[in-house]
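# Examining the three-dimensional arrangement
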Amino acid sequence: MAMADYAPPLDQLLTHGPIKNSAEGDWPDYVTLFRLGPDQIPELIRMATDHELRWSEEPGYYENSVAYWAPVYAWRALGQLRAAAASASLLAVLAEPDDEWAASDLPAVYALIGSPALPALTAYLDDHTHEMYARAVVLTALTRLAQAQPAARAAGIAVLLQQLAHALTDDPTFSGFIIGELTDLQATEALPAIEQAFAADKVDITITDWPTTQFEFGLISEAEMQRRSGEFTARRRAALAAMSPGLVPFLGPVPVAARPRKSTPNPAKAKRKQAAHSRKKNRKQP
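Below, the structure is looked at part by part. (Residues numbered from 1 in each chain as written. Predicted model: local features only at pLDDT ≥ 70, side-chain atom pairs only at ≥ 80, totals over all residues. Heavy atoms only, no water.)

### Looking at the pattern of salt bridges
One pass over the structure, following the stated rule, counts 6 salt bridges. A salt bridge links Asp-99 to Arg-54, with the shortest nitrogen-to-oxygen separation between them at 2.7 Å. Of this pair, Asp-99 sits in the loop between helix H5 (70-80) and helix H6 (100-113) while Arg-54 sits in helix H3 (residues 51-55), and the two are 45 residues apart along the sequence. Given the relative accessible area of 5%, Asp-99 is considered buried. Ionic pairing is found between Arg-227 and Glu-224, a salt bridge with its closest N-O pair at 2.7 Å. (Salt bridge = Lys/Arg side-chain N within 4 Å of Asp/Glu carboxyl O. Helix = DSSP H or I, 4+ residues; strand = E, 2+ residues; numbered from the N terminus. Buried < 20%, exposed > 50% of the residue type's maximum accessible area, 1.4 Å probe, protein only.)

Take a look at the structure:
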């Protein structure tokens, strides 16, 4: 492996060692730590997308090589540098479906980059040759970007609604993911389209259902959600059983005392995430 190809100061990233945190709020200031600046952006992009560093087939590489972590440091630094030039290139790391670090980190990276990343994210979503779960990561990136930059909120919601219109024709699971993101944004302007999608039976109810969505928007009470969700339970069980006979999903209504605030965990969102994770885990099963 040609680690010497990376000149100072990027050579530090190759030897810094395993990451001790993953939450965005806990990220160190990598730009200061590694003495990085705009001049390093092209090489940071190369490192962040260096497949050999992340996925070397050398025996024992993952267990023994500290260089494995260098691309993660690189894409986090690109976010902190607000490197718009990295917007399209970074999406290449989603080609590896098992990179949970990329799936977790990239939405935060794009939230840091901000509005200049919107064209690249939109183009990626429009290309249906990309794997569905990679596109779902990009949906989350759009949401995080819109939450971080209020000026980009309307544009982000417009992209999500456009994707929902396309997904309704052939992809109920992706429709469920999109509705989840619109719910996280509390995009009330999207409610007519969301209701229409459920009414047309074009949403995978193993991801979310209409009563849960109504509750998350604050349109109905917990008790009403519990009552209405009951009719979906048998359908969800049948759908999940068909998807994977060995899967034991979360099927019950969400037990919460009141509509969750932003500062508290959202159990309805947790249910969506659990369903999505189960779908992804079982995607290769017959």
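### Digging into unusual backbone geometry
Residue Pro-8 is joined to Pro-9 through a cis peptide bond whose omega torsion reads 5°. Here Pro-9 shows up in the segment before helix H1 (30-33). Despite not being glycine, Arg-82 shows a phi value in the positive range, around 55°. Inspection of the secondary structure puts Arg-82 in the loop between H5 and H6.

### Describing the packing of aromatic side chains
Scanning all chains against the criterion turns up 7 aromatic pairs. Taken together, a centroid distance of 6.1 Å and an interplanar angle of 10° make the contact between Tyr-30 and Phe-34 stacked. Where Phe-198 meets Trp-210, the ring centres are 5.7 Å apart and the plane angle is 35°; that geometry is what we call tilted. Of the two residues, Phe-198 sits in helix H11 (residues 191-199) while Trp-210 sits in helix H12 (residues 210-216), which places them 12 residues apart along the sequence. By relative accessible area, Trp-210 is classed as buried at 16%. Within the aromatic cluster, the residues linked to one another by ring pairs are Tyr-30, Phe-34 and Tyr-73. A cation over an aromatic ring shows up here: Arg-54 above the ring of Tyr-68, its NZ or CZ 4.3 Å from the ring centre. (Phe/Tyr/Trp six-rings, centres within 6.5 Å; stacked < 30°, edge-to-face > 60°. Lys NZ or Arg CZ within 6 Å of the ring centre and 35° of its normal.)

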